[in-house]
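Structural overview for review
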Amino acid sequence: MPVSDPLEFSLLPLTSTVNEHGHLDIGGCDVVALAEQFGTPLFVYDEHHLHMKCQEAARAFDDGVAFASKSFLSRAMASLAASEGLCIDVASGGEMAVALAAGVSADRIVFHGNNKSLDELVYAITVKVRHIVIDSFDEIDRIERLVDAAQPTSVLLRVTPGVEAHTHEFIRTGQEDSKFGFSVASGSALQAVERLRSMPGIHLAGIHAHIGSQVFDVSSFAEAAGILAAFFIPLGLDELCVGGGLGVAYLNGERAATITEWGASVRGALRDAGVPDTVKVTAEPGRAIVAAAAITLYRVGTIKYLPGIRTYVAVDGGMSDNPRPILYGSGYEAFDPARVLAPRPDCVRLVGKHCESGDVIVPDAQVPDGIAVGDLLATPVTGAYGYSMASNYNRVTRPAVVFVRDGQARLVLRRETDEDLMALEVE
Ligand SMILES: *Cc1c(COP(=O)(O)O)cnc(C)c1O
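Fair warning: this is a prediction, and the values are worked out from it, not measured in the lab.

1. Thoughts on helix α5 (residues 118-127)
Within the sequence span of α5, burial applies to Glu-120, Leu-121, Ala-124 and Ile-125. Down the axis of α5, the buried side of the element spans an arc of 130 degrees, and every buried residue falls inside it. Exposed residues pointing more than 90 degrees away from the buried face of α5 are listed as Asp-119 and Thr-126. Considering only its buried residues, α5 is in contact with α4 (93-101), β7 (109-111), β8 (131-134), α6 (137-144) and β9 (153-160).

Dropping the structure here:
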């Protein structure tokens, strides 16, 4: 496919349309107008898209399927996911506090982490979360002193099935050489099961495995499921959680499996391996729910032409609102939301405003011709691991987040201010 093609519509949120001005509308809102109203950079989330993906996840797995909040968390997001019947998976006391503040009931919260602090464990046990996911022998030692035989704490045991998912090394987690979980192959997973079963204050509800993130190949999940099943079946436990990790398309021409296909593939593999139908099969998608639900709107501030070398187009955000390119070398598309259907013949380097040469959003961005200072440029599929990984590098304030639906835009996270930056200063 020619690289100068317009952005593929399938990368945009579900309610996206082009209005009579040629502008992108999401949720019935003209995003060019949203940029005027709320300023830039701005994350725009399609609420309908979020609801549809949560519903799809709830249908594809059994009750207990959770939204992985680390991909994008705000009170509005947590309550939306919970309202669609999803549990919320948290990986720190901070994420747990936000989910609870959103009104999510503790018995719908699953608590993860490879190094939970004593305070975090006490917090989770006190509020009575649905499950604590046990990650290490040190954690078993810590939790043993906190639990109460009269009110056993429900746990899942996180294991590494020994599958190498085909994804970036930093987001691969299912292989033997991992900081997460107990190895099935070495026997430490079985040892952990025996220890937990000997503890009267613990109820071992099931087994958990997460093989990695942005996994495109559904057969990796099926393979992991087969290995897990062999370990799981003899234990006679109630729940098997296959984690998250389903990949999404970020670029024109990429295709990813749907949540429905992922669920069917995992369930099929578990059934084939002999896991009884009475077992609850759950999962924890993050990216697959939120990534394509949002775009980021930036405004172009500076253009530098280097004849014979390249053109740099600098926008008002960068690695502070999207660190994925610098962390993982992730690719994105760029487009002009004021002329969504335009061909994109010009190749530019789309960069941010940070004092760092690596602050690149798209190294070779195809954009419409004549992009000028003051224009908007947008990146699609930025709903996951953008805002949640945002930083204050260079003391740049974090963008605002709006949810759009039925022609209405509501601010769910306001733009950070200089006073917010000052709030931590003690002297
Ligand atoms: C990160 C993570 C997820 C979510 O991963 P996605 O790739 O966003 O679906 C789910 N479970 C665990 C344990 C994780 O660490």
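Following the structure, the description resumes.
2. Notes on the domain arrangement of the protein chain
The figure often quoted for interface size is the accessible area lost as the parts come together. What the domain assignment lists for the protein chain is domain 1 (9-45 + 292-422) and domain 2 (47-291). Taken together, the contacts link 30 residues of domain 1 with 28 residues of domain 2. Note on domain 1 versus domain 2: buried area summed over both sides is about 2,500 Å², and carbon and sulfur give 62% of it. When the area that domain 1 buries against domain 2 is broken down by residue, the three leading residues are Tyr-328, Tyr-385 and Phe-403, summing to 23%. Across the contact surface, domain 1 and domain 2 share two salt bridges.

3. Description of the packing of α5 against α6
Helix packing geometry: the angle between the two helix axes and the distance between the axes. One can describe the packing of α5 onto α6 by two numbers: an axis separation of 10 Å at closest approach and a directional angle of 55 degrees. With respect to α6, the element α5 is oriented oblique. Both α5 and α6 take part in a crossing whose hand is right-handed. On α6, the residues that touch Leu-118, Leu-121 and Ile-125 of α5 are Glu-139, Arg-142 and Ile-143.

4. Section: the nonpolar core
By size, the foremost hydrophobic cluster in this structure holds 126 residues, and its most contacted members are Tyr-45, Met-77, Leu-157, Ile-207 and Ile-295. It is helix α8 (residues 218-232) that contributes the most residues to this core, eight residues altogether. Per-domain counts for this core show at least three residues from each of domain 1 (9-45 + 292-422) and domain 2 (47-291). Beyond its immediate sequence surroundings of up to four residues, Leu-157 is in contact with Ile-134, Phe-182, Ala-189, Ala-192, Val-193, Leu-196, Leu-204, Gly-206, Ile-207 and His-208.

5. Some thoughts on the pattern of salt bridges
Scanning all chains against the criterion turns up 17 salt bridges. Of the charged contacts, one joins Arg-405 and Glu-47 as a salt bridge, the two residues approaching to 4.0 Å between their closest N and O atoms. Note that Arg-405 is positioned in strand β19 (residues 400-405) and Glu-47 in helix α2 (residues 47-60), a separation of 358 residues in sequence. Note that Asp-369 is salt-bridged to Arg-339, the shortest N-O span being 3.6 Å. Note that Asp-369 is positioned in the loop between β17 (360-367) and β18 (376-380) and Arg-339 in the loop between α11 (324-328) and β16 (346-351), a separation of 30 residues in sequence. According to the relative accessible area criterion, Asp-369 is partly exposed, its value standing at 46%. Taken together, the salt bridges that share partners define one network made up of Glu-47, Arg-405 and Arg-410.

6. Focus on the state of the cysteines
Working definition of a disulfide: a covalent bond connecting the sulfur atoms of two cysteines. Under the counting rule described, the total for this entry stands at zero disulfides. Note on Cys-29: no disulfide assigned, nearest cysteine sulfur contributed by Cys-54 at a separation of 20 Å. Not part of a disulfide, Cys-241 finds its nearest cysteine sulfur in Cys-87, a span of 9.8 Å. Exposure remark for Cys-241: the relative accessible area of 2% places this residue in the buried category.

7. Some remarks on unusual backbone geometry
With an omega of -10 degrees, the peptide bond running from Thr-40 to Pro-41 counts as cis. When you line up the elements, Pro-41 lands in the loop between α1 (31-38) and β4 (42-46). The backbone of Gln-214 shows a phi angle near 55 degrees, a positive value even though the residue is not glycine. The residue Gln-214 is located in the loop between β11 (202-208) and α8 in this model. The class of Gln-214 is buried, set by a relative accessible area of 13%.

The rules we used
Residues numbered from 1 in each chain as written. Predicted model: local features only at pLDDT ≥ 70, side-chain atom pairs only at ≥ 80, totals over all residues. Heavy atoms only, no water. Buried < 20%, exposed > 50% of the residue type's maximum accessible area, 1.4 Å probe, protein only. Helix = DSSP H or I, 4+ residues; strand = E, 2+ residues; numbered from the N terminus. Arc of directions from axis to C-beta. Contact = heavy atoms within 4.5 Å. Domains from an automatic or database assignment. Buried area = accessible area lost by both parts, 1.4 Å probe. Salt bridge = Lys/Arg side-chain N within 4 Å of Asp/Glu carboxyl O. Axes fitted to C-alpha atoms, helices over the stretch in contact; angles between N-to-C directions. Parallel < 35°, antiparallel > 145°, perpendicular 65-115°, else oblique. Left-handed = near helix turned anticlockwise from the far one by under 90°. Core = buried A, V, L, I, M, F, W, Y, C linked by side-chain atoms within 4.5 Å. Disulfide = S-S within 2.5 Å.

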